[in-house]
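Reading the structure
Listed below are the residues making up each chain.
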Amino acid sequence: MFKSTMPQNGEIVHLHFDGKAITAFDGDNLAAALLRAGKAQFRTAAKNDPRGPYCMMGVCFECLVEIDGRPNQQACQITVRDGMMIQRQNAPDNAGKTSG
Amino acid sequence: MANQHFQIAIIGAGPAGMAAALTTTKAGLETIVIDDQKDCGGQVYRNLQANQKISPAYLGQSYYDGVNLARSFAGCGAICRPNCTVWQITDAHEIALVSRGKAELITADYIIIATGAIERPMPVKGWTLPGVMSVGGAQTLLKQAAIGAEDAVFVGSGPLLYLTAWQYIKAGLSVRAVIDITGAKQWRSAIPFAPLALFQPGMLAMGWKWIGDIRRNTEVINHVSAVEITGQSQAQGVSCTLLTGDKIEIGSNHIFLHQGVVPNVNLTMATGLAHQWDHQAHCWRPVIDVTGKSSDEQIYIAGDGGGIGGAKAAAIAGRLAASAIVARCGKPRFLAQLYYKLRHLHYLSIRPFLDRLYLPPAHFRLAQADETIICRCEAVSKADVDAALDSGASGPNQLKAFCRAGMGRCQGRSCGLVVQEMIASHTGQSMTETGYYRLRPPVKPITLAELASLEGPWPE
Ligand SMILES: Cc1cc2nc3c(=O)[nH]c(=O)nc-3n(C[C@H](O)[C@@H](O)[C@H](O)COP(=O)(O)OP(=O)(O)OC[C@H]3O[C@@H](n4cnc5c(N)ncnc54)[C@H](O)[C@@H]3O)c2cc1C
Ligand code: FES
């Protein structure tokens, strides 16, 4: 689990991840805030593959989540906002897809 | 409404872009600097402004080396556009931007692309599991959010891996192990270039110190032939096979992978600029002259996006490109240019050594196990790619149609080099003959709503 390497101060903001309340600091990067809260899986890719942030620089698209109803948001490129509702995102093709 | 016009547009505010802006603004040229992050600094100096206030010592001196550059940049008078992504550059040198859901076009007489590097993919079995990150990702978390993981395992090779493991140790985090994939073959090919690297004694000494501190504080495993990450829905550990055939299993929920950085060519390729295969660094790079001028007379490429040289070389490359442009605007700077050229060569003197030493062995560039995911976006495995090759796919673009590798949102950034090398080793063709995915704009996904927000005509 990720932990702070410096004393963290700043105003607390409240988020929801899959319905569960999470706190973060004002100005936090969303992916970092979720990792600090112990959330490692952010989405599933095709074939129900569990995924979480990989590059933290906007390259890999593994950190995609749904924010306030909008899908495909790169959590590693987003700053938290108080009251953000975040959902894990499932690949739309998981239902029908078998292989290849 | 007419597009906003600038004399100089710089894309990327890392050391290359910031340094370029210092030169163009000093010459009185109207300059805009666009970057998709919220602060300047690029990958190396990420979040420098905020960190300066609390100055965590564990980030090391090489990080705070950026302070002066960032400070001068803040006062240089360039127009800064943070949180703003460039998704296309047209033949008419229109630059298409998107920022906070709104798209716009600007134009410029000269464009400096300073978009930096990305990490080379490291496709080992299990590398898609939550808990596995790139070393660059782990370092970014440390710089940007001051968080780190206890008991992590670092796997791979290259300066960024040693630096980050060192920063972890200095931050008081316990590192379970460092699995170093550098082989004897890499040492043999690098050693003849060691004398040249002695022109950069400071960098060599710094690397030596990182590696020494790492060895004193954690277990370093060498002579590795294969690595797999274990776990079902989350990383549980690493299984590592030694050259002797022995296996080592290490439990950890945090595995960080890295095997070097390569130029981020998505924008330069999608812009239609000429590229070449770099045999020494084993990656694609744009074709540029010594000042950074690309195959398009109005477009320059500076920094690691033009070929990996590191942060200091990137800043000098930014100066060099900018002073060449300033000269073309009628203000020749012969002495300055000569000085920057020599400094640049000086910084690059360590590259022949580093490129050879940290070129990952072929069995780490290519996946080993059939189940290994190659294309992360579409969850295409090595077996899927092999099947496509067996059924006749003969190039990267054709392979997309056969198995969807490279069709996802990342536009091949995580699989392109791996797929290309798999094809080359299957067909026996060179990397140049095999070629890369055909990249087209937009280089980052853009929504219809964002497109619709464009005022005036769409880019061609
Ligand atoms: C994750 C990572 C961490 C690194 N850490 C270090 C380190 O600690 N020390 C070190 O010596 N080297 C490090 N490097 C190597 C790095 O390449 C440096 O040498 C240096 O940052 C290169 O400077 P640059 O100006 O060329 O590019 P960068 O510093 O990478 O700056 C490029 C900037 O352009 C932005 N950008 C890219 N594409 C677009 C676009 N389409 N639109 C708008 N903006 C865009 C990026 O967000 C970035 O801010 C790291 C590399 C990576 C990938
Ligand atoms: S973690 Fe790679 S894009 Fe966000």
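The structure under discussion appears in the preceding block.
Note that the structure is a prediction, hence the values are computed from the model and not measured.

Across its full length, chain A holds one helix and eight strands. Going residue by residue from the N terminus, the α and β elements of chain A occur as β-β-β-α-β-β-β-β-β. Scaling as 2.2 N^0.38, a compact globule of 100 residues should have a C-alpha radius of gyration of about 13 Å, and chain A matches this with 14 Å. On the principal axes, the C-alpha backbone points of chain A span a range of 50 × 25 × 20 Å.

On to unusual backbone geometry, then. Put simply, B:Pro441 and B:Pro442 share a cis peptide bond, and its omega is -5°. Within the secondary structure, B:Pro442 sits in the loop between helix H18 (431-434) and helix H19 (448-452). With phi around 60°, A:Met56 is a residue other than glycine that occupies positive phi space. By the element assignment, A:Met56 lies in the loop between strand E5 (49-51) and strand E6 (64-67). The class for A:Met56 is buried, based on a relative accessible area of 1%. Positive phi outside glycine occurs at A:Asn72, with the angle close to 60°. Note that A:Asn72 resides in strand E7 (residues 70-74).

What follows is about helix H9 (residues 201-217) of chain B. Under the 1.5 Å per step criterion, the end-to-end length of H9(B) is 24 Å for 17 residues, consistent within 8% with the ideal 24 Å. Those residues of H9(B) that sit buried are B:Gly207, B:Trp210, B:Gly212, B:Asp213 and B:Ile214.

A word on the state of the cysteines. All told, the structure shown has zero disulfides over all chains when counted by the stated rule. Cysteine B:Cys84 remains unbridged, with the sulfur of B:Cys80 as its closest cysteine sulfur at 11 Å.

Near ligand 1 you find 29 residues, and of these B:Ala16, B:Asp35, B:Asp36, B:Gln139 and B:Asp304 are the closest. Positioned at a junction of chains, ligand 1 has nearby residues supplied by chains A and B. In this structure, a nitrogen atom belonging to ligand 1 sits 2.9 Å away from a main-chain N or O atom of B:Val86. Here B:Asp304 contributes a side-chain N or O atom positioned 2.5 Å from an oxygen atom of ligand 1. When contributions to the shell around ligand 1 are tallied by element, the ones reaching two or more residues are helix H1 (15-26), strand E4 (85-89), helix H5 (135-145), helix H6 (159-170) and helix H11 (311-328) of chain B. Class assignment for the residues of the shell around ligand 1 results in 13 nonpolar, twelve polar and four charged.

So, on to the sheet that holds strand E11 (residues 175-180) of chain B. Residues and elements named next belong to chain B. On the basis of which strands lie adjacent, the open sheet formed by five strands has the order E8-E16-E10-E11-E12 and parallel pairing. Single-partner strands in this sheet number two, and they are strand E8 (132-134) and strand E12 (219-221). Adjacent strand axes in the sheet meet at a mean angle of 20°, parallel and antiparallel pairs treated alike. Sheet topology places strand E10 (residues 152-157) next to E11; five bridges connect them, and they run parallel. Paired with Val155 across the strands is Ile179, a residue of E11. On top of the sheet, H6 reaches E10, E11 and strand E16 (255-259); it is set at about 160° to E10, its chief contact.

Next up on the list: the nonpolar core. Formed by 94 residues in total, the largest nonpolar core has its most connected members in A:Leu30, B:Phe154, B:Tyr168 and B:Phe256. Considering each element in turn, this core owes the most residues, eight residues, to H11(B). When residues of this core are assigned to domains, at least three map to each of domain 1 (4-118 + 262-332) and domain 2 (121-259) of chain B. Listed in part, the 85 residues of the second largest apolar core include A:Phe61, B:Ile111, B:Leu399 and B:Leu417.

Before going further, it helps to spend a moment on the interface of chain B and chain A. Across the boundary between the two partners, chain B contributes 52 residues, which contact 36 residues of chain A. Summed over both sides, the interface of chain B with chain A buries roughly 3,500 Å², with 56% coming from carbon and sulfur. Among the residues of chain B in contact with chain A, B:Ile147, B:Arg376 and B:Arg409 are the three that bury the most area, contributing 16% of the side total. At the junction of chain B with chain A, the criterion picks out three salt bridges. With its nearest N and O atoms 3.6 Å apart, the salt bridge here joins B:Asp384 to A:Lys47. Our enumeration of links across chain B and chain A arrives at 14 residue pairs in polar contact (both at pLDDT 80 or more).

Next up on the list: the sheet that holds strand E14 (residues 237-242) of chain B. Adjacent strands of a sheet pair through backbone hydrogen bonds, lying either parallel or antiparallel. Residue and element names in this part refer to chain B. What the three strands build is an open sheet, ordered E13-E14-E15; its pairing is antiparallel. Single-partner strands in this sheet number two, and they are strand E13 (224-230) and strand E15 (247-251). Averaged over all pairs of adjacent strands, the angle between strand axes in this sheet comes to 15°, irrespective of strand direction. Of the pairings in the sheet, the one linking E14 to E15 comprises five bridges and is antiparallel in character. Looking at the pairing, Thr241 lines up with Lys247 of E15.

Let us look at a nonpolar patch on the surface. Residues and elements named next belong to chain B. Taken together, the side chains of Leu335, Leu338, Leu342 and Leu345 make up a nonpolar region of the molecular surface, amounting to roughly 460 Å² of accessible area. Relative to the elements of secondary structure, Leu345 occurs in helix H12 (residues 334-348). Residue classification places Leu345 among the exposed positions, given a relative accessible area of 58%.

What counts and what doesn't
Residues numbered from 1 in each chain as written. Chains lettered and ligands numbered in written order. Predicted model: local features only at pLDDT ≥ 70, side-chain atom pairs only at ≥ 80, totals over all residues. Heavy atoms only, no water. Helix = DSSP H or I, 4+ residues; strand = E, 2+ residues; numbered from the N terminus. Rg over C-alpha atoms; globule rule 2.2 N^0.38 Å. Buried < 20%, exposed > 50% of the residue type's maximum accessible area, 1.4 Å probe, protein only. Expected span 1.5 Å × (residues − 1). Disulfide = S-S within 2.5 Å. Near = heavy atom within 4 Å. Polar contact = N/O pair within 3.5 Å; in protein donor to acceptor, adjacent residues only side chain to side chain. Nonpolar A, V, L, I, M, F, W, Y, C, P; charged D, E, K, R; others polar. Pairing = 2+ DSSP bridges. Axes fitted to C-alpha atoms, helices over the stretch in contact; angles between N-to-C directions. Contact = heavy atoms within 4.5 Å. Core = buried A, V, L, I, M, F, W, Y, C linked by side-chain atoms within 4.5 Å. Domains from an automatic or database assignment. Buried area = accessible area lost by both parts, 1.4 Å probe. Salt bridge = Lys/Arg side-chain N within 4 Å of Asp/Glu carboxyl O. Patch = residues over 30% accessible without salt bridge, like charges linked within 9 Å, V, L, I, M, F, W, Y side chains within 5 Å. Areas by Shrake-Rupley, 256 points an atom, 1.4 Å probe, with all protein chains shown as cover.

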